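Single-letter residue listing:
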Amino acid sequence: MDKGLIVAIAAAVLVIANIVSFTLMKLDKERAKKGAWRIRESTLFIAAACFGGLGGVLGMKLLRHKTKHWYFKVFFPLFLVLQIALLIAGAVLLFR
């Protein structure tokens, strides 16, 4: 498979995963304000863990959502760091 195609697919997956993660955080924040049905924390974690770490962290910071829960403050940035490390390792292997 062409390296350019691999990079394009990876970039598309990253963009989509982070948009989904941020959007879930935004929807949950809006529902919390209205006292409506909420999105499960496990769903937010799954979205962040599936290469949506940046979207999750941005959702926490920009929307001020889930910032009082230690496990969000610890694991969302950890997901992001691990995902960056995986991307770097993948790039090194791909372009070596």
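All figures in this text were calculated on a predicted structure; none of them were measured in a lab.

1. Considering unusual backbone geometry
Alright, step 1. Of note in the backbone geometry, Phe 51 takes a positive phi value of approximately 60 degrees without being a glycine.
Alright, step 2. For Phe 51, a relative accessible area of 29% corresponds to the partly exposed category.
Alright, step 3. A positive phi angle, near 50 degrees, is found at Arg 64, a position not held by glycine.
Alright, step 4. With respect to the helices and strands, Arg 64 occurs in the loop between helix H3 (53-63) and helix H4 (70-94).

2. Here's the deal with the pattern of salt bridges
Alright, step 1. Inspection of the entire model under this criterion finds four salt bridges.
Alright, step 2. For Lys 66, the salt bridge identified is with Glu 41, shortest N-O distance 3.1 Å. Taken together, the residues span a long stretch of sequence, with Lys 66 in the loop between H3 and H4 and Glu 41 in helix H2 (residues 41-49) at a distance of 25 residues.
Alright, step 3. Residue Lys 66 is classed as buried on the basis of its relative accessible area of 10%.

3. Description of H2
Alright, step 1. Every buried residue of H2 is accounted for by Leu 44, Phe 45, Ala 47 and Ala 48. Mapping the buried residues of H2 onto a view down its axis gives an arc of 160 degrees, with all of them on the same face.
Alright, step 2. Buried residues along H2 sit in contact with helix H1 (3-34), H3 and H4.
Alright, step 3. With its phi angle positive at about 60 degrees, Phe 51 sits one or two positions after the end of H2.

4. Side note on a nonpolar patch on the surface
Alright, step 1. Together, Met 1, Leu 5, Ile 6, Ile 9 and Val 13 make up an exposed nonpolar region whose accessible area comes to about 480 Å².
Alright, step 2. Considering the arrangement of structural elements, one finds Leu 5 in helix H1.

5. Remarks on the packing of aromatic side chains
Alright, step 1. The tally for this structure, following the rule as stated, stands at 11 aromatic pairs.
Alright, step 2. Geometrically, the ring pair formed by Phe 45 and Phe 79 is edge-to-face, given 6.0 Å between the ring centres and 85 degrees between the ring planes. Taken together, the positions of Phe 45 in helix H2 and Phe 79 in helix H4 put the pair 34 residues apart, joining distant regions of the chain. The pair formed by Phe 45 and Phe 79 is uniform in burial state, with each residue classed as buried.
Alright, step 3. Between the aromatic rings of Trp 70 and Phe 75, the centroid separation amounts to 6.4 Å while the plane-to-plane angle is 50 degrees, which identifies the pairing as tilted.
Alright, step 4. Assessed through its relative accessible area of 56%, Trp 70 is described here as exposed.
Alright, step 5. Connected via pairs of aromatic rings, a cluster forms that spans Phe 45, Trp 70, Tyr 71, Phe 72, Phe 75, Phe 76 and Phe 79.

Cut-offs and rules
- Residues numbered from 1 in each chain as written.
- Predicted model: local features only at pLDDT ≥ 70, side-chain atom pairs only at ≥ 80, totals over all residues.
- Heavy atoms only, no water.
- Buried < 20%, exposed > 50% of the residue type's maximum accessible area, 1.4 Å probe, protein only.
- Helix = DSSP H or I, 4+ residues; strand = E, 2+ residues; numbered from the N terminus.
- Salt bridge = Lys/Arg side-chain N within 4 Å of Asp/Glu carboxyl O.
- Arc of directions from axis to C-beta.
- Contact = heavy atoms within 4.5 Å.
- Patch = residues over 30% accessible without salt bridge, like charges linked within 9 Å, V, L, I, M, F, W, Y side chains within 5 Å.
- Areas by Shrake-Rupley, 256 points an atom, 1.4 Å probe, with all protein chains shown as cover.
- Phe/Tyr/Trp six-rings, centres within 6.5 Å; stacked < 30°, edge-to-face > 60°.

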